[in-house]
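# Inside the fold
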Amino acid sequence: MSEKTIPYKIYLSENEIPKYWYNLNAAMKEKHDPFLNPATLKPCTKEELCQVFCKECVDQELDTTNLYIEIPQEIRDFYRMYRPSPLVRAYCLEKALGTPAKIYYKFEGNNTSGSHKLNSAVAQAYYAKKQGLKSITTETGAGQWGTALSMASAYFGLDLTVFMVKVSSEQKPHRREVMRTYGAKVIASPSETTEAGRKILREFPGTGGSLGCAISEAVEKAMTTDSCRYVLGSVLDHVLLHQTVIGQECKVAMEKYGIEPDMIIGCCGGGSNFGGLIAPFMGDKIAGKNNIDFIGVEPASCPSLTRGKYAYDFCDSAKITPLARMYTLGCDFMPAPNHAGGLRYHGMSPVVSKLYHDGLIRAKTVEQTKVFEAAEQFARIEGILPAPESSHAIRVAIDEALKCKETGEAKTILFGLTGTGYFDMTSYKQFNDGTMTDFIPTDDDLKQGFESIPDIAVNK
Ligand SMILES: *Cc1c(COP(=O)(O)O)cnc(C)c1O
């Protein structure tokens, strides 16, 4: 197909919304190590996981054999409200950069939550409802996940309590109001409402909180409340599974126009959007059908893949979750206070970690002032005001396109534009005022976090 016939925005039709999620775990020849019960150091049983998570999500979490898992009609009905999301050919950006590269981005910010998180929120809320639960709890850092889950909970008629990292709730009061508008109860974390929160407040009075701490509070609340479960917006396999609608839509749209990506780039917090974006392409790579260069991008100030340890660690700072084998900076790791750009989780999805460990993907770090430079350039040229998280991927996409300019290679680059940045104006203000700084932790800085990785035989 000739170049010119590729539209600026490739929209699929409603009946091209995927009917199945793509289970990367089934496609991977070697599976990642199982979750361990921290008390027994034995693999978590289904029963143990079901005390914390919804049953159907646990089934998906443990499924390493079914490559395709059917998306229930009720969830597809919700997806219809904002999917398929557009795949955009960044013609304007290509021209401005003067690059021979062809740049595409998948835009997931076209819904009120402003991010891809809604893809998993609606699935998890649906399964909670189907199980007959009355309420769910969660944590939120930047606020997108809390917003997405508020929307999904409102739709399915569930009560939701969101523990919001304190600094975020102070920086983003409007995010909190959006969640409350959708009916969620929002509590700044650490809070006095849980044992985990009280303990952290005693040890670190005045702390701005962390995701790990907010997770501890939400899990505790779920385990001590009747008919309540905890839901998580990233990291776990079932979340990544739900996000595969992103990659599958990309694949269908690209195949329609005969486009083959040479490179797929995504930002990595807990790894769910990146994993979901690459999943079907990675399945093909594992089967020897392509040789795509997959690049996960993380902040230099929270470098779990590039500088973390591949070890069993807790998913939260109160050490009450199961142990996951992943790249981690240690569950006590806290990003530097000047860190403004999201993606602040200490660990990484076990699936993404395993792919990285096996050399199937690459990882890069970028510094936040460079990330915001890319965000600004993108906003001015392509019109969309990107989320700081997404802008990590933009940074690397632009850098790779500029490399093509030097070499004359016309590579096809696909990146995930995970969301919009309207609620991130405090960070943008720092950038605009010229007060934003970079911070790269020294090995000594990281050592402190590493000391919180459990000292157990499997980590030796
Ligand atoms: C949460 C979030 C991310 C990072 O989460 P992943 O699980 O790594 O995808 C990236 N971009 C946006 C807009 C987000 O809201």
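Remember, predicted model here, so these are calculated numbers, not experimental data.

### Here we look at the overall build of the protein
- What the protein contains, in helices and strands, is 20 helices and 15 strands.
- If you line up the protein on its principal axes, its C-alpha atoms span 60 × 50 × 50 Å.
- In the protein, which comprises 460 residues, the proportion classed as buried is 62%.
- Within the protein, contacts between residues at least 6 apart in sequence are counted, and of these 76% link residues at least 24 apart.
- Split by element, the accessible area of the protein, about 17700 Å² in all, is 51% carbon and sulfur.
- Both charge centroids of the protein, one from 51 positive and one from 55 negative side chains, sit 2 Å from each other.

### Quick notes on the packing of aromatic side chains
- Using the criterion set out here, one finds 16 aromatic pairs in the structure.
- Measuring from ring centre to ring centre gives 4.8 Å for F78 and Y155, while their planes differ by 80 degrees; the resulting arrangement is edge-to-face. Residue F78 is located in helix α4 (residues 73-79), and its partner Y155 is located in helix α7 (residues 144-156); the two are separated by 77 residues in the primary sequence.
- The class for F78 is buried, based on a relative accessible area of 5%.
- Members of the aromatic cluster, joined through ring pairs, are F78, Y79, Y82, Y126, Y127, Y155 and F156.
- In this structure, K309 packs its charged tip against the face of F450, placed 4.2 Å from the ring centre.

### Considerations on the pairing of strand β15 (residues 412-417)
- Buried residues dominate β15, accounting for six of its six residues.
- Side chains T412, L414 and G416 of β15 all project onto a buried face; the interleaved residues I413, F415 and L417 project onto the opposite face, where all are buried too.
- By the bridge criterion, six bridges tie strand β5 (residues 102-107) to β15 in an arrangement that is parallel. Paired with I103 across the bridge in β15 is I413.
- Inspection of the sheet shows strand β10 (residues 263-267) paired to β15 by three bridges, in the parallel sense. Bridging from a neighbouring strand, M263 pairs with I413 of β15.

### Details of the state of the cysteines
- Enumeration according to the criterion identifies zero disulfides in this entry.
- Looking at the unpaired C54, the closest cysteine sulfur is the one in C57, lying at 5.0 Å.

### Overview of the site of the ligand
- Surveying the vicinity of the ligand reveals 18 residues, the closest of which are K117, S234, G269, N273 and T418.
- Here H116 contributes a side-chain N or O atom positioned 3.1 Å from an oxygen atom of the ligand.
- The separation between an oxygen atom of the ligand and a polar side-chain atom of Q144 is 3.4 Å.
- Burial of the ligand by the surrounding chains reaches 94%, relative to a free accessible area of 380 Å².
- Among the secondary structure elements, those contributing two or more residues to the shell around the ligand are α14 (272-286) and α18 (388-407).
- When grouped by side-chain class, the residues that make up the shell around the ligand number four nonpolar, 12 polar and two charged.

Calculation criteria
Residues numbered from 1 in each chain as written. Predicted model: local features only at pLDDT ≥ 70, side-chain atom pairs only at ≥ 80, totals over all residues. Heavy atoms only, no water. Helix = DSSP H or I, 4+ residues; strand = E, 2+ residues; numbered from the N terminus. Buried < 20%, exposed > 50% of the residue type's maximum accessible area, 1.4 Å probe, protein only. Contact = heavy atoms within 4.5 Å. Areas by Shrake-Rupley, 256 points an atom, 1.4 Å probe, with all protein chains shown as cover. Lys, Arg positive; Asp, Glu negative; His and termini not counted. Charge placed at Lys NZ, Arg CZ, Asp CG, Glu CD. Phe/Tyr/Trp six-rings, centres within 6.5 Å; stacked < 30°, edge-to-face > 60°. Lys NZ or Arg CZ within 6 Å of the ring centre and 35° of its normal. Pairing = 2+ DSSP bridges. Disulfide = S-S within 2.5 Å. Near = heavy atom within 4 Å. Polar contact = N/O pair within 3.5 Å; in protein donor to acceptor, adjacent residues only side chain to side chain. Nonpolar A, V, L, I, M, F, W, Y, C, P; charged D, E, K, R; others polar.

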